[in-house]
Amino acid sequence: MRRDHSRAFTLVELLVVIAIIGVLIALLLPAVQAIRESARMMQCKNHLKQLGLACHNYESTFNQFPGYAGEQRPELIYFPQNDVDDRLTGANWIIQTMQYLEQRQLAERLNRLQEDPHGLLTQERKEAIQSPVESLHCPSRRSAKAYPLLEKYHDQYGATGARTDYAICGGSGNPPPGSQGINERLVEINDLGAWQMGRRTRAASFIDGMSQTYLIGEKSMDSSAYTTGTSQGDQLPIAGDPRDNDTPSSYLRYAVRSPRRDHSTDCLVCHDFGSAHSAAWNMVMADGSVRSINFSMDLQVHQANASISGGEVVQQP
């Protein structure tokens, strides 16, 4: 009599197959991650494109770009050319822009809030402070939602508040020569940017050319504090009081140092541009075009792009 033997994998064969599958997954995973990051990069650029279009729609209506709203001088920043103008008060550049981002109702609520920044913290007020705007967030960094605020801000704003990953350009400058310690954080703005202390910027002010000048870009942040509320330059909500000199640091950046990828334990991030992307950061220029700029960009070119009327002639990367 013949006996039929059923065929099956041996243990060695099974282990070999598992090992091959593991190698294939290891090879494919970086490619999948790269594709996902590329998609997030494109989405980030699309958000900036929306902001650029909203700024131009605002300019078409009011003959000036969104900008100064009566802000006090940001902490550790010195503007020698202009000063605080108490006659210009209102909502910051983000709230000015919101009505052209399909956020008119939220803009109206935040505008009323900024007219009375120390008013009673009602439930309606909390909801306005906590309402995120998708176009203000880079998907490589964090989702569009309210994030914790430091305890010292709870009485005025509540426990959480909506943030922004993008900042308007306030010009280019330098730290004081030979500065060390806390003085290293001081910045003198030598050339004005799209955002100016004490005045709004008109299209005619972009003497260097709108295609050669920064408008809004990704702000640098502490990579260990995206969601904690402790990162310098990200501690207050977009509804923060412009008359508090800590607030503008949340939505203003300058060309003082070269932009770089987000990293931890750096208190200077409240001044600089940067991103969570691996090799580049995104910027919408004053003409509405969006560019991805390598972190290796020359500092002098970076500073020339940040000024609206510096008279520099640079070769764009």
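Let me begin by describing the structure that accompanies this report. These figures come from a predicted structure and were not determined experimentally.

### Concerning the state of the cysteines
Okay, so step 1: Counted under the stated rule, the structure contains zero disulfides.
Okay, so step 2: Free of any disulfide, cysteine 44 has its nearest neighbouring cysteine sulfur in cysteine 138, separated by 3.8 Å.

### Looking at the pairing of strand S10 (residues 280–285)
Okay, so step 1: Along S10, six of the six residues are buried, which leaves the element largely enclosed by surrounding structure.
Okay, so step 2: Where burial is concerned, the two faces of S10 agree: the one with Ala280, Asn282 and Val284 and the one with Trp281, Met283 and Met285 are both buried.
Okay, so step 3: Of the pairings in the sheet, the one linking strand S6 (residues 214–218) to S10 comprises three bridges and is antiparallel in character. Paired with glycine 217 across the strands is methionine 283, a residue of S10.
Okay, so step 4: Sheet topology places S10 next to strand S11 (residues 290–294); five bridges connect them, and they run antiparallel. Residue pairing in the sheet places valine 284 in a bridge with valine 290 of S11.
Okay, so step 5: Connecting the antiparallel pair S10 and S11 is a turn made up of four residues, with glycine 288 showing a positive phi of about 95°.

### Section: the environment of tyrosine 157
Okay, so step 1: Topologically, tyrosine 157 is positioned in helix H5 (residues 154–157).
Okay, so step 2: Setting aside residues up to four positions removed in sequence, tyrosine 157 forms contacts with Leu121, Ile129, Leu149, Leu236, Pro237, Ala239, Gly240 and Asp241.
Okay, so step 3: A polar atom in the side chain of tyrosine 157 sits 3.2 Å from the side chain of glutamine 156.

What counts and how
Residues numbered from 1 in each chain as written. Predicted model: local features only at pLDDT ≥ 70, side-chain atom pairs only at ≥ 80, totals over all residues. Heavy atoms only, no water. Disulfide = S-S within 2.5 Å. Buried < 20%, exposed > 50% of the residue type's maximum accessible area, 1.4 Å probe, protein only. Helix = DSSP H or I, 4+ residues; strand = E, 2+ residues; numbered from the N terminus. Pairing = 2+ DSSP bridges. Contact = heavy atoms within 4.5 Å. Polar contact = N/O pair within 3.5 Å; in protein donor to acceptor, adjacent residues only side chain to side chain.

Any functional reading would require information beyond the geometric quantities listed.
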